[in-house]
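Here is what each chain is made of, one letter per residue.
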Amino acid sequence: MPGLLRGVARTAAVAGTATAVSNRVSRRQAGRWAQQDYDQQQQQAPPPPAAPPAPAPASASDDMSHRIDQLKQLTDLKAQGVLTDEEFESQKRRLLA
């Protein structure tokens, strides 16, 4: 009977070790894949667009037409996917302020 218990204990120890090693390898590999995905997304992300220069003080009608032109440009950039919704909204608020 002691030989049987020793064999069962040895099998349990081997199985437990194998499970622990397998889990560690799986976690490490998942971390590597996540890092690769993150690196690829960072490489593919376009640089943020430069903010349009602030307009020089002008007459009210010139200033309004300039703002309208800038809003149209922002809308085009958003439609092309260059600007995110958050970037578009922040630039729009800045223009309309």
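As a starting point, this report considers the structure included with it. (Residues numbered from 1 in each chain as written. Predicted model: local features only at pLDDT ≥ 70, side-chain atom pairs only at ≥ 80, totals over all residues. Heavy atoms only, no water.)

## Considerations on the overall build of the chain
On a plain count of helices and strands, the chain comes out with three helices and zero strands. Along the chain, helices (α) and strands (β) appear in the sequence α-α-α when read from the amino end. Taking all 97 residues of the chain together, the buried fraction comes to 6%. As displayed, the chain offers around 8000 Å² of accessible surface, 59% of which is attributable to carbon and sulfur atoms. (Helix = DSSP H or I, 4+ residues; strand = E, 2+ residues; numbered from the N terminus. Buried < 20%, exposed > 50% of the residue type's maximum accessible area, 1.4 Å probe, protein only. Areas by Shrake-Rupley, 256 points an atom, 1.4 Å probe, with all protein chains shown as cover.)

## Some words on the pattern of salt bridges
For side chains bearing opposite charge, pairing can occur when the charged atoms are close. Going through the model one piece at a time under the given rule, you end up with two salt bridges. Lys 78 serves as the salt-bridge partner of Asp 85, at 3.5 Å between the closest nitrogen and oxygen. The exposure class of Asp 85 is partly exposed, given its relative accessible area of 49%. Judged by its relative accessible area of 32%, Lys 78 is partly exposed. Between Glu 89 and Lys 92 there is a salt bridge, with the nearest N and O atoms lying 3.5 Å from each other. Placement of the pair is Glu 89 and Lys 92 together in helix H3 (residues 85-96), with a separation of three residues, close to one helical turn. For Lys 92, a relative accessible area of 27% gives the class partly exposed. (Salt bridge = Lys/Arg side-chain N within 4 Å of Asp/Glu carboxyl O.)

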